[in-house]
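Listed below are the residues making up each chain.
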Amino acid sequence: MKTGKNINRRGFIKNAAIGIIGLPLLSNTYGIIAPSDKIRIAHIGMGNMGRAHLKWFSGFSDVETVALCDVDKIRLREKYKILQEINPNTRTDTYTDFRHILDRKDIDVITCATPDHWHALIAIMAFQSGKDVYGEKPLSYNVEEGQVMKKCMEHNNSIFQLGTQIHAGENYHRVVEIIQSGILGKIHTVRLWKTEGSPGLGFPPAEIPPDTLDWDMWLGPAPYEEYTPVRCFGSFRHFFDYSGGVFGDFWCHIADIVYMSLNPQGLYSIDTRGERPDDGIADTPRWIEADFKFKDLDLYWTTTPPPVPGAEEMYIGAHFEGTNGSLTCDYYTRKIRIGNEIIDEIPEVPKTITRSPGHQRNFLDAVKSREQPESNIAYVREMTLPMHLALISFRLKRKLKWNSLIEQFEGDNAANYLLSRAYRAPWFLPE
Amino acid sequence: MKKFILINLFVTLIFTSCFTQENDRFSSLFNGKNLSKWTLGEEGGFEVIKGELYTSSFGKGNNLFTKKWYCNYVLRLEYMLSDVGNSGVIIRCDPQAPWETGVEVQLLAPWTPRRDDLHCTGSLYGHVTVTNRPDETTGIWHKMEIKCDRKTITVSVDDTITTLANIDTVKTMEDKFLCGAIGLQVNHANIEGQYAKFRNIYIRDLDSETEYVTGGFYEKDTKLRSQAHAAAITLGAKMVEPLAIIMSGENPVAKSGSKQVLFDIVARATAPQTAEIYKNDVAIALKNSAKSTSSEITRNYLEWLRGMIGSSDQ
């Protein structure tokens, strides 16, 4: 539930921002933004990405880090120390239960870098408590969660940014301009790849969780399972109980450039092949090949680089095939092939797209302006969706037909069953 | 007296039923009439004569292979060789490249100069010697049993073990297939009129037995586990309860395999082209196993899988 107090606080930040623009002289006179104008942020999930969030956001003068949260006390202590190094006078609070953060009315924004199976629920509960969210990828654990997140965010007038920071980079913006200029002709095929898949992780026996870890809270809405270290921390994503493996992890980063430049519509068929690891308890794809058919585009994903020039040396990439030429890119580089010419820039294509001030800055600006940021929920939900569908096709080992209007598979109720998952009590996905 | 007859009858019944059970597990590969379970090559080489399978070709003729591929099995047959008959049973092979992929259990009359223990009847030709040389008398029927039990191959002739091979200890066999067709080698003695004959060919397919397949889930070797997983998916409903028991156990290797294969069984059960009976049987097995398991983790998982099957009924 959103409280009046929260609306007021948001309104205040927005007015303060306008105030600064409106009164530059005053702002210059004082030189700094008054402490009350600061965005008060809390970070939930203190692994590697949590540390990145901590560092990124504490680098902004209009952000105050108010709270940190993790179900693992060791990680929590480690990250608190990092914060103390950045700011010795920090008065940041630490929690092992994120609900304490959501209860605090003095917090404006949370970042979420938990395992995937917590992403949606934490964001939804944050929206309900009047907070904005910078959430790590992927958006959600399954399709239904993404649908509910969007609805809930809109209902609460919240701001959401997905942590696809590559989106903000110069290369993707330039690739979009080149693709959209039409110089390569009509793009009919895109090939995406990411080398390596999930490792098996061996067969460790079940253990009693350490006292420093709240294992039940770590599992949260996921099915109960006995504890073993490889199930959580750095390797949780190789279990379908919590995530979608390397494929689910990297999809958003590289599919982003396809959606940014072509925004393909009318997905109607997903055919996936692949194998699980056979040397451990992990069950997400060791390798995966997915064929997606959109109304006007064929999109392919492979674990090995496609047979196109230059792809072999790239661990991740996108290859656009147009009627006049092709473009191969990764996060930071691009190669354009037109006839026999291989170039990385076409000066005739004008720069038309406004560059991002940086992915985190873009989000903070959105918190103030109340305009949705670059990796907003409507955009990233559509961009993430094919990944979930491919994993369902992988698990069921069959080709699936998709109705993109009603977001349901056609003639396959078992596949539709896997679009959602009932939460383990006491957790539930709000309507 | 009456009591004695009853007991006698009872004992007889027990014996009969045990005997029947053992035999029930074997099915015939050769009906004595035609080669319906076999693929005859273009050049022939085999024919059915008076209920026996006869190969006597000279200079031409193809080897004969089962249509179906088998992984783990007990094969029983009777054979007879003429004075210089030369044939063999090729196991776990791809008919396109039988000797590269599989191995030959030799059947050879003892006249030839190359009849050492590595190339005589009962040997895994060129790979493993006989340790117990069989009776090689020609012109009479001998019994042969070949057991392919994962990495162990056992050959018996006339009810005596002649050859025991552990594949892992035989360097030349390390790349051999673990599944394949069963082949009978065309008689290839260099003299006209020579023959090999077969009759009473029976197979017990171990991969159709839940207990055997269950054992494969505990194997250390990845290939053997994958083999057991595939066999379990084929068996479907019959494997649900054994897998639920494994999943509730202590062995991490078997536990994770059983969890994944239970999913695969349900995935197959819900596929549009799968027979209704496979699906219904799996649904019933899931329900019963969920009721009987004492593990909450297993029960929740089975209930979740039931939901997946249930949803496909709508």
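Residues numbered from 1 in each chain as written. Chains lettered and ligands numbered in written order. Predicted model: local features only at pLDDT ≥ 70, side-chain atom pairs only at ≥ 80, totals over all residues. Heavy atoms only, no water.

*Asks:* Quick one: what's the story with the overall build of chain B, residue by residue and with numbers?
*Replies:* Counting secondary structure elements, chain B contains 8 helices and 13 strands. The C-alpha extent of chain B, read off along each of the three principal axes, is 70 × 65 × 35 Å. When burial is assessed residue by residue, chain B has 51% of its 314 residues classed as buried. Put simply, 65% of the contacts in chain B that link residues at least 6 apart link residues at least 24 apart. (Helix = DSSP H or I, 4+ residues; strand = E, 2+ residues; numbered from the N terminus. Buried < 20%, exposed > 50% of the residue type's maximum accessible area, 1.4 Å probe, protein only. Contact = heavy atoms within 4.5 Å.)

*Asks:* Talk me through the domain arrangement of chain B; I want residue IDs and the actual numbers.
*Replies:* Residue and element names in this part refer to chain B. Partitioning chain B into structural domains gives domain 1 (26-206) and domain 2 (210-311). Just the C-alpha atoms count here: the centres of domain 1 and domain 2 sit 36 Å apart. Domain 1 puts 10 residues into the contact, and the matching count from domain 2 is 9 residues. When domain 1 packs against domain 2, close to 820 Å² is buried across both sides, 52% of that on carbon and sulfur atoms. When the buried surface of domain 1 facing domain 2 is broken down by residue, Arg150, Leu178 and Leu206 rank first, second and third, together holding 68% of it. Where domain 1 touches domain 2, the interface holds 1 salt bridge. The salt bridge partner of Lys151 is Asp221, with a shortest N-O separation of 2.9 Å. On inspection of domain 1 and its partner domain 2, the count reaches 6 residue pairs in polar contact (both at pLDDT 80 or more). A class-by-class count of the residues in the side of domain 1 that touches domain 2 yields 5 nonpolar, 1 polar and 4 charged. (Domains from an automatic or database assignment. Buried area = accessible area lost by both parts, 1.4 Å probe. Salt bridge = Lys/Arg side-chain N within 4 Å of Asp/Glu carboxyl O. Polar contact = N/O pair within 3.5 Å; in protein donor to acceptor, adjacent residues only side chain to side chain. Nonpolar A, V, L, I, M, F, W, Y, C, P; charged D, E, K, R; others polar.)

*Asks:* Describe helix H11 (residues 359-369) of chain A, listing the residues and the values that go with them.
*Replies:* Of all 11 residues making up H11 of chain A, 9 are buried, and the element is well covered by its neighbours. Note on H11 of chain A: the residue one or two positions beyond its end, Arg370 of chain A, has a positive phi of about 65 degrees.

*Asks:* Now, about the side chain of His253 of chain A: what can you tell me, with residues and values included?
*Replies:* Residue and element names in this part refer to chain A. In this structure, His253 sits in helix H10 (residues 245-261). With a relative accessible area of 6%, His253 lands in the buried category. Those residues in contact with His253, other than ones at most four positions away along the chain, are Lys137, Gly163, Thr164, Gln165, Ile166, Tyr172 and Tyr331.

*Asks:* Give a description of the environment of Ser258 of chain B that names residues and reports values.
*Replies:* All names here are of chain B. Within the secondary structure layout, Ser258 lies in helix H6 (residues 252-269). Relative accessible area serves as the criterion here: at 0%, Ser258 is assigned to the buried category. Expressed as a C-alpha distance, the spacing of Ser258 and Trp38, which sit 220 residues apart in the sequence, is 34 Å. Contact partners of Ser258, with chain neighbours within four places excluded, come to Phe217, Leu243, Ile246 and Met247. Only 2.8 Å separates the side chain of Ser258 from the backbone oxygen of Lys255, close enough to count as a polar contact.

*Asks:* If you had to explain the environment of Asp149 of chain B to someone new, which residues and values would you point to?
*Replies:* Residues and elements named next belong to chain B. Checked against the element boundaries, Asp149 lands in strand S9 (residues 142-149). Residue Asp149 is classed as partly exposed on the basis of its relative accessible area, which comes to 27%. Taking the C-alpha atoms as reference, Asp149 lies 15 Å from Leu124; in sequence the two are 25 residues apart.

*Asks:* Help me get a handle on the environment of Ile183 of chain A, residues and values and all.
*Replies:* Residue and element names in this part refer to chain A. Looking at where Ile183 falls in the secondary structure, it is placed in the loop between helix H8 (170-181) and strand S7 (187-194). The exposure class assigned to Ile183 is partly exposed, which follows from its relative accessible area of 29%. Sequence spacing of Ile183 and Ser326 is 143 residues, and the spatial spacing of their C-alpha atoms is 9.7 Å. Filtering out sequence-adjacent residues up to four positions away, Ile183 remains in contact with Ile178, Asn324, Ile338, Ile346 and Val349.

*Asks:* Talk me through the sheet that holds strand S6 (residues 160-162) of chain A; I want residue IDs and the actual numbers.
*Replies:* All names here are of chain A. Here we have 6 strands laid out as an open sheet, ordered S3-S2-S1-S4-S5-S6, and parallel in their pairing. Both outer strands of the open sheet, strand S3 (93-95) and S6, are each paired with one neighbouring strand and no more. On average, each strand axis in the sheet is tilted by 20 degrees relative to the strand beside it, whichever way the strands run. Here strand S4 (residues 109-112) pairs with strand S5 (residues 132-135) via 4 bridges, running parallel. (Pairing = 2+ DSSP bridges. Axes fitted to C-alpha atoms, helices over the stretch in contact; angles between N-to-C directions.)

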